[in-house]
Amino acid sequence: MTEQLHLSNQGKKPLVSIVIVCMNNLKNLYPCLESIKKYTHVSYECFVVAYLFTKENLEKVKLDFPWVKFIESNEIRGFSENNNLALRQARGKYCFVQNDDTEFMMPCIDKLVETIEELPDIVAIVSPKGLLGNGQIQYCGRAAHSRWHYFLGAFGLWSEKRANKRNPTKGIFKSYDIIGAYFLIKTELFKEIGWFDERYFFTPEDIAVSCELRKRGYECWVDADAEIIHYEGMTGKSMSPIQTATGPAGFVGAMMWRGGNTYIGYCLFTLLNLPYTIGQYIYHSIRANHNGTPNRYNMLAKKERNILSVCFTRKTPKEVFVKFYERIRN
C-alpha cells in the first residue's frame, strides 16, 4: 500500500505535493526522504529540486529514490525560484514545502492534512511545531508583528524570539506568519498569489507569502501536535562558506521587505540595523582569534563584513548572492 502512494505522480492525482530544494547535499537529503517514505501515508508526489548537483550525486539519488521526481536546477537560483520550479508542476490539493535538513519522527503531513480539512475554508496554511536537533522548539507559529515591531527591534525594544515564546506549544491555534522551512498550504491559493515572490532570493519569502494571504483575508494556523525536526546548518559548530553569500543576500531581501520594497524604506531599515551588524562583526572577529572553533567565527565575521559592504546597494538580493558566491568558487 505504501509503495503505491509513492507512485501517485504517475497516475491518480495525489492529495499532497511535497517540495524540497537540495543544494547537492545528500547527507541532508537521504534522512529527509527516508522519513517521508516511513511516516507519510496520505497519497503524495514528491519533488526534489536538485540544485547544482554533481552528475554522480544526481545519478545516485535517482537510483536510490525512484519514487521521487527530481528537477535539475543548474543555474544560480534562490530559494524562491528553485521552489517555484517544482511548485508549478504540483498536482496535489495541498503543497508541503520543507527544507532538505528536516526529518519526520511521526506522521506529520498526515496530521496536518487532517487538521486543515477540519478547519474553516478561510485557513490557507497549517504549520507543524518545528524542533531543533537538540529537541528545543525552533518555531511553533510566529507571533503577530509588523514593520513597526522590526523598527523597535533595531533598538532592542522588541524580539520576535521572545514574542514567539508566548505561543501555545500544544493543540491547534491561529498564527500570524509562517516559517518557510516547513508548512502545508492549499495549492490553489498558493498558485493564486503567484507562488513564492522571486524578488527575495533567500529571505523573507515565507513572510511575504503569509502577508499576501492575510491581505486577501486568509489565515495561517498551527497544529503543535504535528512535529518536524529541523537540523538547520547554523546550529552546528561549523559554518558553510556558502552562508557568506546567502547572509548578505538575505539581509538585502529582509531590508527590502521591511522597507515596503522602496529604496528609501530599504535604506532606513538598513541604517537602523547597522549598529547591530557592526557589533556582531566586531564580536565575531575577536572570537575568531581565540582557540575553540575559529572556522565558525571567521565565517561569521566574513558574512557580516560582506553585509556591511552592500548595506546601501541597489543590487537585487540575487545579484548580491552572485557577487559573493563567485568569490567562493574562485
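Draft legend 1. Examining the pairing of strand β3 (residues 68-73) more closely. Pairing of strand β2 (residues 44-51) with β3, which is carried by six bridges, proceeds in the parallel orientation. Its bridge partner lying in β3, V49 is registered against I71. Handedness of the β-α-β unit built from β2, helix α3 (residues 55-64) and β3 comes out right-handed.

Draft legend 2. Representation of the nonpolar core within the structure. I125, F190 and V209 are the most contacted members of the largest nonpolar core, which has 57 residues in total. The residues touching I125, leaving out its near neighbours within four places in the chain, are I116, I178, F183, L184, I185, V209, L213, E219, C220 and W221.

Draft legend 3. A look at unusual backbone geometry. In this chain, T203 is followed by P204 through a cis amide linkage whose omega measures 0°. Tracing the chain through its elements places P204 in the loop between α8 (187-192) and α9 (205-215). With a phi close to 60°, N261 is a non-glycine residue in the positive phi region. Relative to the assigned elements, N261 resides in the loop between α10 (243-258) and α11 (263-288). Classification of N261 by relative accessible area gives partly exposed; the value is 32%.

Draft legend 4. Highlighting the packing of helix α2 (residues 26-39) against α3. The N-to-C vectors of α2 and α3 enclose an angle of 10°; their axes lie 12 Å apart at closest approach. Here α2 is positioned roughly parallel relative to α3, judged by the angle of their axes. Taking contact as the criterion, the partners of L26, L29 and Y30 in α2 are, on α3, N57, K60, V61 and D64.

Draft legend 5. Broad picture of the side chain of S127. For S127, the position within the fold is in strand β6 (residues 123-131). Relative accessible area serves as the criterion here: at 5%, S127 is assigned to the buried category. Contact partners of S127, with chain neighbours within four places excluded, come to L112, I178, Y182, F183, W221, V222 and D223.

Draft legend 6. Region of interest: the packing of aromatic side chains. For the structure shown, the criterion picks out 15 aromatic pairs. Each ring, one from F65 and one from W67, has its centre 6.1 Å from the other, and the planes form 80°; the classification is edge-to-face. In this structure W67 comes out as buried when scored by relative accessible area, which is 5%. Aromatic rings pair up to connect F79, F183, F190, W195 and F196 into one cluster.

Draft legend 7. Representation of the packing of α10 against helix α13 (residues 317-329). Direction vectors running N to C along α10 and α13 enclose 170°, while the axes themselves pass 8 Å from each other. With respect to α13, the element α10 is oriented roughly antiparallel. Note that α10 runs across α13; the crossing there is right-handed. Note on element contacts: α13 touches α10 through P317, V320, F321, F324, Y325 and I328, opposite T244, A245, T246, P248, A249, V252, G253 and M256. Class assignment for the residues of the contact of α10 with α13 results in eleven nonpolar, three polar and no charged.

Draft legend 8. View of α13. When the terminal C-alpha atoms of α13 are compared, their 18 Å separation across 13 residues agrees well with the 18 Å that a helix rising 1.5 Å per residue should span. Buried within α13 we find P317, V320, F321, F324 and Y325. All buried residues of α13 fall inside an arc of 120° around its axis, so they share one side. Those residues of α13 that are exposed and angled more than 90 degrees off the buried face are R327 and R329.

Draft legend 9. Representation of a nonpolar patch on the surface in the model. On the surface, I278, I282 and I286 cluster together to form a nonpolar patch covering roughly 250 Å² of accessible area. Examined against the element boundaries, I286 turns out to sit in helix α11. Under the relative-accessibility criterion, I286 is labelled partly exposed at 46%.

Draft legend 10. Structural view of the pattern of salt bridges. This structure, assessed with the given rule, holds 16 salt bridges. E45 is paired through a salt bridge with R91; the nearest N and O atoms lie 3.5 Å apart. On the criterion of sequence distance, the pair formed by E45 in strand β2 and R91 in the loop between α4 (79-87) and β4 (94-99) is long-range, its members being 46 residues apart. Residue classification places E45 among the buried residues on the basis of a relative accessible area of 2%. Take R91: its relative accessible area is 28%, and that puts it in the partly exposed class. Notably, a salt bridge pairs K129 with E227, separated by 3.4 Å at the nearest N-O pair. Here E227 lies in strand β10 (residues 219-230) and K129 lies in strand β6, a separation of 98 residues in the sequence. Taking the relative accessible area as the measure of exposure, K129 reaches 10% and is therefore buried. When its relative accessible area of 30% is taken as the criterion, E227 is described as partly exposed. Within the structure, one salt-bridge network assembled from shared partners comprises R142, E160 and D206.

Analysis parameters
Residues numbered from 1 in each chain as written. Predicted model: local features only at pLDDT ≥ 70, side-chain atom pairs only at ≥ 80, totals over all residues. Heavy atoms only, no water. Pairing = 2+ DSSP bridges. Helix = DSSP H or I, 4+ residues; strand = E, 2+ residues; numbered from the N terminus. Right-handed = clockwise from strand over helix to strand, strands pointing away. Core = buried A, V, L, I, M, F, W, Y, C linked by side-chain atoms within 4.5 Å. Buried < 20%, exposed > 50% of the residue type's maximum accessible area, 1.4 Å probe, protein only. Contact = heavy atoms within 4.5 Å. Axes fitted to C-alpha atoms, helices over the stretch in contact; angles between N-to-C directions. Parallel < 35°, antiparallel > 145°, perpendicular 65-115°, else oblique. Phe/Tyr/Trp six-rings, centres within 6.5 Å; stacked < 30°, edge-to-face > 60°. Left-handed = near helix turned anticlockwise from the far one by under 90°. Nonpolar A, V, L, I, M, F, W, Y, C, P; charged D, E, K, R; others polar. Expected span 1.5 Å × (residues − 1). Arc of directions from axis to C-beta. Patch = residues over 30% accessible without salt bridge, like charges linked within 9 Å, V, L, I, M, F, W, Y side chains within 5 Å. Areas by Shrake-Rupley, 256 points an atom, 1.4 Å probe, with all protein chains shown as cover. Salt bridge = Lys/Arg side-chain N within 4 Å of Asp/Glu carboxyl O.

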